[in-house]
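Each chain, written out:
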There are 2 protein chains.
Amino acid sequence: MCQLLGMNANTPTDVTFSFTGFAQRAGRTADHTDGWGIAFFEGQGVRHFVDHARALDSPVAELIRRYPIKSCNVIAHIRKATQGAVQLANCHPFVRELWGHYWVFAHNGDLKDFRPRLHGHFHPVGSTDSEHAFCWLMQELSKSHAGLPPVQELTLTLRELAGHIAPQGTFNFLLSNGQALWAHASTHLHWIERRHPFAVAQLSDEDLQVDFAPLTTPSDRVAVIATAPLTNNEQWTAFAPGELGVFVQGQRLI
Amino acid sequence: MCQLLGMNANTPTDVTFSFTGFAQRAGRTADHTDGWGIAFFEGQGVRHFVDHARALDSPVAELIRRYPIKSCNVIAHIRKATQGAVQLANCHPFVRELWGHYWVFAHNGDLKDFRPRLHGHFHPVGSTDSEHAFCWLMQELSKSHAGLPPVQELTLTLRELAGHIAPQGTFNFLLSNGQALWAHASTHLHWIERRHPFAVAQLSDEDLQVDFAPLTTPSDRVAVIATAPLTNNEQWTAFAPGELGVFVQGQRLI
């Protein structure tokens, strides 16, 4: 199994605090050591970092912890290989282009029996069930709409598509096109919204706390989504099994 | 205009020496300061770094200079914006997936009047003529072959396609699918093959030299392609206008 981290904000925000706690799970507080990855939207563009080394001490992860890349949509993943070898092509998140937008996807869970025929223009490069499922999602999205539909409409389509895949195994995933961030839970996925008045947050996985108040303005809103809560002094909400949520501008829309 | 750097090798090789000289052109020895990018194939996977800051002092470029990522196919680009704003979505190289392989593309030159209709599944995310041309190349490749053909056959198709685009402007480009590296010249593009016996190379853009002999084995072969020669004590060969070359396993095949 793996772990997921997502962030959606209404103003470009760095994810160094959350990522620092999250990366501890790649060898210190948990054993997700078979590679990791993170993608940051910046406008329409994407910064995409993947590494087959563990996030705890990878030089690339060190850069992410030190260099505060600001983004409104971030998806990160630490991997414990269950299907597919430990190699770069199998590291999440995966990126594809559809309708002139990049789409970023990361998955936690197994879909052992889900290998639908891919008859469209999206094919996996690596050997994971996750990338196969992502390619199928992209294929079906491209058939469902002629171009990028509004977020609400996309959410209905994604809910239907996720409903096809979820019964085949465990399908916790994060997906973003830079405009919204979708989160689907089969088992473990939690979320939190931070907004004014901002307070102190204390990481669960490391002895580190941050006071968001002096770092924010009253209009800032940030939603964080993670497999397990990253802080131990805030109220995280668990997704129900089968629930698909969408976050826009730092708050949950649906 | 921009500058290109490519490397093709028969054994995973780091590109830190060449990149160090190349990055000097992003503000010190030349003024290509409007963003940069580099992509490394690692097996079928790709590490893709882009930044809208200049390569001379970008923290991400600093990582590339210090962390010797080893690869058999590398494409890098430093940008001086002529078309399209300075933003991440406009930074080369661009990446797309076709036939279950990633394709990496970087371009130097202008194609002001080349805006063919894109009726397939590849659409630009940014606003550059370069990404538009890349999407057209991918679209036409996908129509020309049902799956990944042998390198020689792909080279014939690419030569034909490049011949359509080149008359529309300046079309120096590098393209790789991790198996081969193609280089096409309209104006400025040079290449060199390094093989046993390896010797000392001296950068043109910085007071730095490296003796490749103790770092290599007799069977190693590395080809480097660059807009302008990166070293001043080796014999680089200029591409002729309209020439398309392909490099496999560290040597020029065609």
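Residues numbered from 1 in each chain as written. Chains lettered and ligands numbered in written order. Predicted model: local features only at pLDDT ≥ 70, side-chain atom pairs only at ≥ 80, totals over all residues. Heavy atoms only, no water.

1. As for the overall build of chain A
For step 1, the next point in the chain: Helix and strand counts for chain A come out as four helices and 15 strands.
For step 2, the next point in the chain: What you see for chain A is a C-alpha radius of gyration of 17 Å, in line with the 18 Å of a compact globule of 254 residues.
For step 3, the next point in the chain: Principal axes of the C-alpha set define a box for chain A whose edges measure 50 × 35 × 30 Å.
For step 4, the next point in the chain: When burial is assessed residue by residue, chain A has 61% of its 254 residues classed as buried.
For step 5, the next point in the chain: A separation of at least 24 residues holds for 70% of the contacts in chain A among residues at least 6 apart in sequence.
For step 6, the next point in the chain: Split by element, the accessible area of chain A, about 9100 Å² in all, is 51% carbon and sulfur.
For step 7, the next point in the chain: Averaging the coordinates of the 19 positive side-chain charges in chain A and doing the same for the 23 negative ones gives two points 2 Å apart. (Helix = DSSP H or I, 4+ residues; strand = E, 2+ residues; numbered from the N terminus. Rg over C-alpha atoms; globule rule 2.2 N^0.38 Å. Buried < 20%, exposed > 50% of the residue type's maximum accessible area, 1.4 Å probe, protein only. Contact = heavy atoms within 4.5 Å. Areas by Shrake-Rupley, 256 points an atom, 1.4 Å probe, with all protein chains shown as cover. Lys, Arg positive; Asp, Glu negative; His and termini not counted. Charge placed at Lys NZ, Arg CZ, Asp CG, Glu CD.)

2. Digging into the interface of chain B and chain A
For step 1, the next point in the chain: Taken together, the 29 residues of chain B in the interface contact 29 residues of chain A.
For step 2, the next point in the chain: Summing both partners gives a buried area of about 2500 Å² for chain B against chain A, and 59% of it is carried by carbon and sulfur.
For step 3, the next point in the chain: Sorting the residues of chain B by area buried against chain A places Glu-97, His-121 and Val-125 of chain B first, and these three jointly supply 23% of that buried surface.
For step 4, the next point in the chain: In this structure, Arg-96 of chain B and Glu-97 of chain A form a salt bridge, with 3.0 Å as the shortest nitrogen-oxygen distance.
For step 5, the next point in the chain: Remark: the boundary between chain B and chain A carries 13 residue pairs in polar contact (both at pLDDT 80 or more).
For step 6, the next point in the chain: Of all the secondary structure elements, the ones that give two or more residues to the side of chain B that touches chain A are β3 (45-51), α2 (59-66), β5 (94-98) and β6 (101-108) of chain B.
For step 7, the next point in the chain: Among the elements that take part in the side of chain B that touches chain A, β3 of chain B stands out by supplying seven residues, more than any other.
For step 8, the next point in the chain: Of the residues assigned to the side of chain B that touches chain A, the class counts are 15 nonpolar, eight polar and six charged. (Buried area = accessible area lost by both parts, 1.4 Å probe. Salt bridge = Lys/Arg side-chain N within 4 Å of Asp/Glu carboxyl O. Polar contact = N/O pair within 3.5 Å; in protein donor to acceptor, adjacent residues only side chain to side chain. Nonpolar A, V, L, I, M, F, W, Y, C, P; charged D, E, K, R; others polar.)

3. A short note on the sheet that holds strand β14 (residues 244-248) of chain A
All names here are of chain A.
For step 1, the next point in the chain: Spatially, β5-β6-β7-β8-β14-β15 is the arrangement adopted by the six strands of the open sheet, whose pairing is antiparallel. Edge strands, defined here as strands with exactly one partner in the open sheet, are β5 (94-98) and β15 (251-252).
For step 2, the next point in the chain: For β14 and β15, the ladder comprises two bridges, and the chain directions are antiparallel. By the bridge assignment, Phe-247 is partnered in β15 with Arg-252.
For step 3, the next point in the chain: The strands touched by helix α4 (residues 151-165) within the sheet are β6 (101-108), β7 (172-176), β8 (181-184) and β14, with β14 carrying the most contacts at an inclination of about 155 degrees. (Pairing = 2+ DSSP bridges. Axes fitted to C-alpha atoms, helices over the stretch in contact; angles between N-to-C directions.)

4. As for the environment of Leu-154 of chain B
Residues and elements named next belong to chain B.
For step 1, the next point in the chain: Note on placement: Leu-154 falls in helix α4 (residues 151-165).
For step 2, the next point in the chain: Judged by relative accessible area, Leu-154 falls into the buried class, the value being 0%.
For step 3, the next point in the chain: The spacing of Leu-154 and Leu-141 is 13 residues in sequence and 8.3 Å in space, taken between C-alpha atoms.
For step 4, the next point in the chain: Apart from residues no more than four positions distant in its own chain, Leu-154 is found in contact with Trp-103, Leu-141, Leu-148, Pro-149, Asn-177 and Trp-182.

5. As for the relation of the copies chain B and chain A
For step 1, the next point in the chain: With an RMSD of 0.0 Å, the fit of chain B onto chain A corresponds to turning through 180 degrees and sliding 0.0 Å along the axis. Overall, the copies show the geometry of a two-fold rotation axis.
For step 2, the next point in the chain: The residues that chain B uses at the interface reappear at the interface of chain A in 100% of cases, marking a shared surface. (Least-squares fit on C-alpha atoms with pLDDT ≥ 70 in both.)

6. Description of the sheet that holds strand β7 (residues 172-176) of chain B
Sheet strands line up and pair through hydrogen bonds in the backbone, either parallel or antiparallel.
All names here are of chain B.
For step 1, the next point in the chain: Taken together, six strands build an open sheet; the order of strands is β5-β6-β7-β8-β14-β15 and the sheet is antiparallel. Looking at strand neighbours, the two that pair on one side only are β5 and β15 (251-252), the edges of this open sheet.
For step 2, the next point in the chain: Bridge count for β6 against β7 is five bridges, and the pairing is antiparallel. When the sheet's bridge partners are listed, Val-104 is paired in β7 with Ser-176.
For step 3, the next point in the chain: Against the sheet, helix α3 (residues 129-144) touches β5, β6 and β7, its axis set at about 15 degrees to β5.

7. Points about α2 of chain B
For step 1, the next point in the chain: Every buried residue of α2 of chain B is accounted for by Val-60, Ala-61, Leu-63, Ile-64 and Arg-65 of chain B.
For step 2, the next point in the chain: In this structure Ser-58 of chain B caps α2 of chain B, since a side-chain oxygen of it lies 3.1 Å from the backbone nitrogen of Val-60 of chain B.

8. Describing the UniProt feature "domain: Glutamine amidotransferase type-2" (unreviewed entry) in chain A
For step 1, the next point in the chain: The UniProt feature table records "domain: Glutamine amidotransferase type-2" (unreviewed entry) at residues 2-250 of chain A.
For step 2, the next point in the chain: Measuring from the first to the last C-alpha atom of residues 2-250 of chain A gives 24 Å, for a span that is 19% helix and 33% strand. (UniProt positions renumbered as here; feature names shortened; annotations may be inferred.)

9. A closer look at the packing of helix α2 (residues 59-66) of chain A against α2 of chain B
For step 1, the next point in the chain: Across the interface, α2 of chain A lies against α2 of chain B with an axial gap of 11 Å and an inter-helix angle of 155 degrees. With respect to α2 of chain B, the axis of α2 of chain A lies roughly antiparallel. The chirality of how α2 of chain A crosses α2 of chain B is right-handed. Taking contact as the criterion, the partners of Pro-59, Val-60 and Leu-63 of chain A in α2 of chain A are, on α2 of chain B, Pro-59, Val-60 and Leu-63 of chain B.
For step 2, the next point in the chain: A breakdown of the residues in the contact of α2 of chain A with α2 of chain B according to their chemical character gives six nonpolar, no polar and no charged. (Parallel < 35°, antiparallel > 145°, perpendicular 65-115°, else oblique. Left-handed = near helix turned anticlockwise from the far one by under 90°.)

10. Here we look at the pairing of strand β9 (residues 190-195) of chain B
Residues and elements named next belong to chain B.
For step 1, the next point in the chain: Both β9 and strand β12 (residues 221-226) contribute to a ladder of six bridges, which runs antiparallel. By the bridge assignment for β12, His-190 is matched with Ala-226.
For step 2, the next point in the chain: Sheet analysis places β9 next to strand β13 (residues 237-238), joined by two bridges and oriented antiparallel. Residue pairing across strands places Trp-191 opposite Thr-237, the latter belonging to β13.

11. Points about the pairing of β7 of chain B
All names here are of chain B.
For step 1, the next point in the chain: For β7, the buried fraction is high: five of the five residues fall into the buried class.
For step 2, the next point in the chain: By the alternation rule, side chains of β7 split into Asn-172, Leu-174 and Ser-176 and Phe-173 and Leu-175, which are all buried.
For step 3, the next point in the chain: Across four bridges, β7 lies against strand β8 (residues 181-184) in antiparallel orientation. Residue pairing for β8: Leu-174 is matched across the bridge by Ala-183.
For step 4, the next point in the chain: Where β7 hands over to β8, the hairpin turn is made up of four residues, of which Gly-178 adopts a positive phi near 90 degrees.

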